[in-house]
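Understanding the architecture of this molecule
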Amino acid sequence: MEQYDKEFLDYMKTKYKLTLDEATNGTEQQIIKFAVAWNVWKQAKNTFYKRERDSVAVFMSTDHSRLDYILQEFRKSKKAGETKQLFLEFKNGIERHMKWEEDILFPIVKQKLGDDSAMIDELLLQHNRIRDDLKGISAGLKTRDAALESDLEQLLAGHDKMEEEGIYPWIDDYVEDKAKREALSRMV
Ligand SMILES: [Fe+2]
Ligand SMILES: [Fe+2]
């Protein structure tokens, strides 16, 4: 028997209105939902939440890897219920990640660099393309659109590289520790 932690059970209750008891005695769909969410949660805990929050590069790059892992699991998955749940987890995760960037990190860079922050505009355009791909994949989830999935995968590879080599280390190097910690603490 898995040892589910309380935060996970609370998350399932708030996010999916699903308790352990309901899932255990529930439909196949509910059991799958619970199992997939737990798998993603365990992975997130090991690689993400336990880390000290003092480096934007470490924190955000780890979230990239976490999202990559979910995307790969989604691409490999062949069972309808599991596929849907993995896609949902990926979509929720990447939307949260992009919101952190758009609302918290990018404004810091823009404020400091002004007109020299053209890279941010490029990254924002890529976020729009990521959102378009997500919409397309979501609409065709039943039949699966391998071309769109691989477009998203390639788009993300270049995008993440740009952020990991350009933006995140820049913030670590040029933003004062206090402001950086404050920004990191807002990413929940
Ligand atoms: Fe991004
Ligand atoms: Fe990112």
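Residues numbered from 1 in each chain as written. Chains lettered and ligands numbered in written order. Predicted model: local features only at pLDDT ≥ 70, side-chain atom pairs only at ≥ 80, totals over all residues.

1. Here's the deal with the overall build of the protein
Summing up its helical and strand segments, the protein has eight helices and zero strands in all. Each helix (α) and strand (β) of the protein, taken in turn from the N terminus, gives the series α-α-α-α-α-α-α-α. Whereas a compact globule of 188 residues would reach a radius of gyration of roughly 16 Å, the protein reaches 18 Å, a difference of no more than 12%. Relative to its 188 residues, the protein shows a buried fraction of 20%. Sequence separation of at least 24 residues holds for 59% of the intrachain contacts in the protein that already meet a minimum separation of 6. (Helix = DSSP H or I, 4+ residues; strand = E, 2+ residues; numbered from the N terminus. Rg over C-alpha atoms; globule rule 2.2 N^0.38 Å. Buried ≥ 20, exposed ≤ 12 C-beta atoms within 10 Å, placed from the backbone. Contact = placed C-beta atoms within 7 Å.)

2. A few points about the environment of Q29
Within the element layout of this structure, Q29 appears in helix 3 (residues 28-49). Judged by the 14 C-beta atoms lying within 10 Å of it, Q29 is partly exposed. C-alpha separation for the pair Q29 and A80, spaced 51 residues apart in sequence, amounts to 9.6 Å.

3. Here's the deal with the packing of helix 5 (residues 80-113) against helix 6 (residues 118-139)
Put simply, helix 5 and helix 6 touch, their axes get as near as 11 Å, and they point 165° apart. Taken together, the axis directions place helix 5 and helix 6 in an arrangement best described as roughly antiparallel. Once helix 5 is placed against helix 6, the crossing between them reads as left-handed. Touching F87, K91, I94, M98, E102, F106, V109 and K110 of helix 5 are I120, H127, I130, L134, I137 and S138, all from helix 6. (Axes fitted to C-alpha atoms, helices over the stretch in contact; angles between N-to-C directions. Parallel < 35°, antiparallel > 145°, perpendicular 65-115°, else oblique. Left-handed = near helix turned anticlockwise from the far one by under 90°.)

4. Points about the nonpolar core
With 16 residues, the main nonpolar core has I70, F74, L86 and F90 as its most contacted residues. Of all the secondary structure elements, the ones that give two or more residues to this core are helix 3, helix 4 (56-76) and helix 5. Of the residues forming this core, the biggest block, six residues, is contributed by helix 3. Residues contacting F74, with those up to four places away along its chain left out, are T83, L86, F87 and F90. Counting residues in hydrophobic clusters, the runner-up holds 10 residues, among them V56, M60, W100 and I167. (Core = buried A, V, L, I, M, F, W, Y, C linked by C-beta atoms within 7 Å.)

5. Overview of the environment of L124
Tracing the chain through its elements places L124 in helix 6. The class of L124 is partly exposed, set by 13 C-beta atoms lying within 10 Å. Residues L124 and K45 lie 79 residues apart in sequence; the distance between their C-alpha atoms is 28 Å.

6. Looking at helix 5
Along its 34 residues, helix 5 runs 46 Å from first to last C-alpha, staying within 8% of the 50 Å computed at 1.5 Å per residue. Along helix 5, the sharpest change in direction is near 40° and occurs at F106; proline P107 comes one to four residues later. Phi turns positive one or two residues past the end of helix 5, at G114, with a value near 55°. (Expected span 1.5 Å × (residues − 1). Bend = angle between axes of the 7 residues up to and from the residue.)

7. A few points about the environment of A37
With respect to the element layout, A37 can be found in helix 3. Accessibility expressed as a C-beta count within 10 Å gives 21 for A37, which makes it buried. Ignoring sequence-local partners within four residues, the contact set of A37 consists of M12, Q85 and E89.

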